[in-house]
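Now for the letters of each chain:
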Amino acid sequence: MKSPNLSSTRSDEMTQQEERMEDTEATAEDDNYFDSYEDIEIHRLMLKDVPRTEAYQKAILGNKQLFEGKVVMDIGAGTGILSLFCAQAGAAKVYAVEASRLANLTREVVAKNGFSHVIEVVHGKAEEIDLPEGVQVDVIVSEWMGFYLLHESMLESVLLARDKHLKPDGVMLPSKATLFAAACRLGEFYSQQVDFWNHLYGLDLSPVGQAVLDSKRCKPEVAIAKADELLSEPVQLADFDLAWLGPDEIERIHSRAFTSVLCDQPTEYQGVCLWFDCSFEWPDRIPCTPVKLSTSPSSAATHWKQTIIVLPSSIQVEEGDLIGWELTLKRSMEHRRRYQIELNLLDPEEDEHPVPCSCGQARCVVIAAFMAKADEEPLPDDDVDVSTGPSSVIS
């Protein structure tokens, strides 16, 4: 099943005119993106998200000793809330970088809270601006995450800004981000949007419900998934260390996985649910109070909710059944702030399993145990001769 945000098939060969047109379109898309963040309602929704905002507050104010006297960059400062947290924690200087025209309002907020002597609001893109005298920062803090972690592609700007502005021993907050997937049923979605059409006023309007399902093949559903509707253990799709992650590594995320169904009674497998976790930690050598922000169905709801890829039809499953999928998130070549999501369902009996595989099938369990044992065995010392017979030289 293919569920793209937008088709992105195109030729790699481009004329100069096409290149200029693409640059113009990319600039327009960026302008529209930044313009959208001038809408105060967006910021109200984000600040109303208590798990999100408190995670940053705890990570910063709960580790004041690691901010005191430091130079910090806040990328995508918005209303300035994270910059203010950093100033409260004792940062010597905070560069609040905001690419939208909201920057003027951010300055007012900073002044209103008495931190104009610490926080300097910079209007521009973080990867393009130059700091005074080429100064580099000790900490970069940013709330760059979108739906299914990668939507809006703000992460690329953060990584490019890191390479330009962060000291070699500097810290990224959040420091790590992990994307997960799990099989799920969609009881409320089916009840409200699909089965609703089956019997209305004595008539059968079920083709409309099928049209709703068909429409979801072109766009994932962003909604709250219930923890008790998950049908499998989480499968890790991607694990990012923000200190080392390269921009090229977020162009395409690919995962091939098999997992066992978990349910008390026979039920319907109706979608694949995506969510992410972010952790706020310093390198091991630095004592800190780590903080975790989770958008999983079992955690407090956030404005990101979960992203659900709806299957074209329900599949009957029961406890212990093996299911599999191949999931690809590929950044659109035409619209760089969007990803194309492609989901292909796999047959556990016919399709090749990844190695190692945690599906629980006997063959996969044996392979995983063998690989784990091999990892535990020490490598031979370079000074030890491990040959068991006469050596031979091939020339």
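Caption draft 1: Quick peek at the sheet that holds strand β3 (residues 93-98). The sheet built from 5 strands is open, its strands ordered β4-β3-β2-β5-β6 with parallel pairing. Of all strands in the sheet, those with a lone pairing partner are β4 (119-123) and β6 (166-173), marking the two edges. Pairs of neighbouring strands in the sheet enclose a mean axial angle of 25°, with direction left out of account. Relative to β4, β3 runs parallel, the two being bridged by 5 bridges.

Caption draft 2: Structural context of the pattern of salt bridges. Overall, the coordinates contain 13 salt bridges when judged by the stated rule. We note a salt bridge from arginine 44 to glutamate 41, for which the minimum N-O separation is 2.8 Å. On the criterion of helical spacing, the pair formed by arginine 44 and glutamate 41 is a turn pair, its members being 3 residues apart in helix α2 (residues 40-48). For arginine 44, a relative accessible area of 42% gives the class partly exposed. With a shortest N-O distance of 4.0 Å, glutamate 188 and lysine 226 are connected by a salt bridge. Taken together, the residues glutamate 188 in helix α7 (residues 187-194) and lysine 226 in the loop between β8 (221-223) and β9 (235-241) connect sequence positions 38 residues apart. Overall, the relative accessible area of 42% leaves lysine 226 in the partly exposed class. Ionic contacts of the salt-bridge type, sharing partners, join the residues Glu156, Glu251, Arg331 and Arg336 into one network.

Caption draft 3: Looking closely at the nonpolar core. Ile119, Phe240 and Trp325 are the most contacted members of the largest nonpolar core, which has 86 residues in total. Counting residues per element, this core draws most heavily on strand β11 (residues 267-280), which supplies 6 residues. The next biggest cluster of nonpolar side chains, apart from the first, holds 16 residues, and it includes Phe180, Leu186, Ala225 and Trp275.

Caption draft 4: Quick peek at the layout of surface pockets. In this structure, the second largest pocket occupies an estimated 400 Å³ of space. Lining of the second largest pocket is provided by 19 residues; of these, Gly170, Asp241, Ala243, Trp244 and Pro283 occupy positions nearest its centre. For the lining of the second largest pocket, the secondary structure elements donating two or more residues are α6 (154-165) and β6. Of the residues belonging to the lining of the second largest pocket, the class tally is 8 nonpolar, 2 polar and 9 charged.

Criteria and thresholds
Within any chain, residue numbers begin from 1 and follow the written order of that chain's sequence. Two thresholds apply to this predicted model, a pLDDT of at least 70 for residue-level local features and 80 or more for giving and counting side-chain atom pairs, whereas whole-chain, interface and lining totals are computed over all residues. Excluding hydrogens and water, the side-chain values take into account all heavy atoms of the structure. Any two strands between which DSSP finds at least two bridges are classified as paired. Helix and strand assignments follow DSSP, with helices taken as H or I runs no shorter than four residues and strands as E runs no shorter than two, numbered in order from the N terminus. Each axis is a line fitted through C-alpha atoms, and for a helix only the stretch in contact is used; angles between axes span 0 to 180 degrees, taken between their N-to-C directions. We define a salt bridge as a contact between a side-chain nitrogen of Lys or Arg and a carboxyl oxygen of Asp or Glu at a distance within 4 Å. Each residue gets one of three labels from its accessible area relative to the maximum for its type: buried under 20%, exposed over 50%, partly exposed in between, using a 1.4 Å probe on protein chains only. Among buried residues, the Ala, Val, Leu, Ile, Met, Phe, Trp, Tyr and Cys ones that are joined through side-chain atoms within 4.5 Å form a nonpolar core. Grid points spaced at 1 Å and placed over the protein atoms alone form the basis of the search, with a cavity being a set where a 1.4 Å probe fits but cannot get out and a pocket an open set showing protein on both sides within 12 Å along at least five of seven lines. Lining residues have an atom within 4 Å of a point. Grid points are joined across faces, edges and corners, and a volume is the space filled by probe spheres set on the points. Put simply, Ala, Val, Leu, Ile, Met, Phe, Trp, Tyr, Cys and Pro go in the nonpolar bin, Asp, Glu, Lys and Arg in the charged bin, and everything else, Gly too, in the polar bin.

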